[in-house]
Amino acid sequence: MHSAGLGKKGEERAADALEASGMRIIAKNVRSRNGEVDIVALEGQTIVFVEVKSWSVFGMEDLQYSLDEKKQRRIIETAKYFLSGHREYSRMTIRFDVVFVGKDDSVSHLASAFTENV
């Protein structure tokens, strides 16, 4: 499967797993000029911006190579863009998570994978 198809399948698998854990998906593939956020979800009074990683070859231990500081900054800037257009979430706690979908379709959820200092 090519990388675009693998990514879409992984995002669908991740969204299903997040919903099964009680989160409510409110947006997918949010884009700004700075980047993209794969999934935006609500968990109680927390708005969660989720990066999904789907790899057929690498493992979760390799996440550090694809989620470097530059990529984190792009996700944070896109989250700010999303919040600027959705003021109803402006007073909520914000969290940045990573969901890894493995080659065996397993899902690992890393809550609070990185933070933003305001």
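Up top you'll find the structure we're talking about.
Bear in mind the structure is a predicted one, so any value in this text is a computation, not a measurement.

Participant: Can you walk me through the nonpolar core in this structure?
Facilitator: General note: in soluble globular proteins, nonpolar side chains tend to be found buried as a group. If you look at the biggest cluster of nonpolar residues, it comprises 18 residues, and the most contacted ones within it are Val-40, Ile-47, Phe-49, Phe-82, Tyr-89 and Phe-96. Elements with a contribution of two residues or more to this core: strand E1 (24-31), strand E2 (36-43), strand E3 (46-54), helix H3 (69-85) and strand E4 (93-101). Here this core gets 5 residues from one element, more than from any other, and that element is H3. Among residues more than four places away in sequence, those in contact with Phe-49 are Val-37, Ile-39, Val-40, Ala-79, Phe-82, Leu-83, Ile-94, Arg-95, Phe-96 and Asp-97.

Participant: Even after reading the chapter, I still don't get the packing of aromatic side chains, so can you show me in this structure?
Facilitator: Centre distance and the angle of the planes are the two values used to describe a pair of aromatic rings. Under the counting rule described, the total for this entry stands at 4 aromatic pairs. When the centroid spacing of 6.0 Å and the interplanar angle of 80° are considered together, the rings of Phe-49 and Phe-82 count as edge-to-face. Pair noted here: Phe-49 is in strand E3 and Phe-82 is in helix H3, with a separation of 33 residues, a long-range link. For the pair shown, Phe-49 and Phe-82 are each scored as buried.

Rules behind the numbers
Residues numbered from 1 in each chain as written. Predicted model: local features only at pLDDT ≥ 70, side-chain atom pairs only at ≥ 80, totals over all residues. Heavy atoms only, no water. Core = buried A, V, L, I, M, F, W, Y, C linked by side-chain atoms within 4.5 Å. Buried < 20%, exposed > 50% of the residue type's maximum accessible area, 1.4 Å probe, protein only. Helix = DSSP H or I, 4+ residues; strand = E, 2+ residues; numbered from the N terminus. Contact = heavy atoms within 4.5 Å. Phe/Tyr/Trp six-rings, centres within 6.5 Å; stacked < 30°, edge-to-face > 60°.

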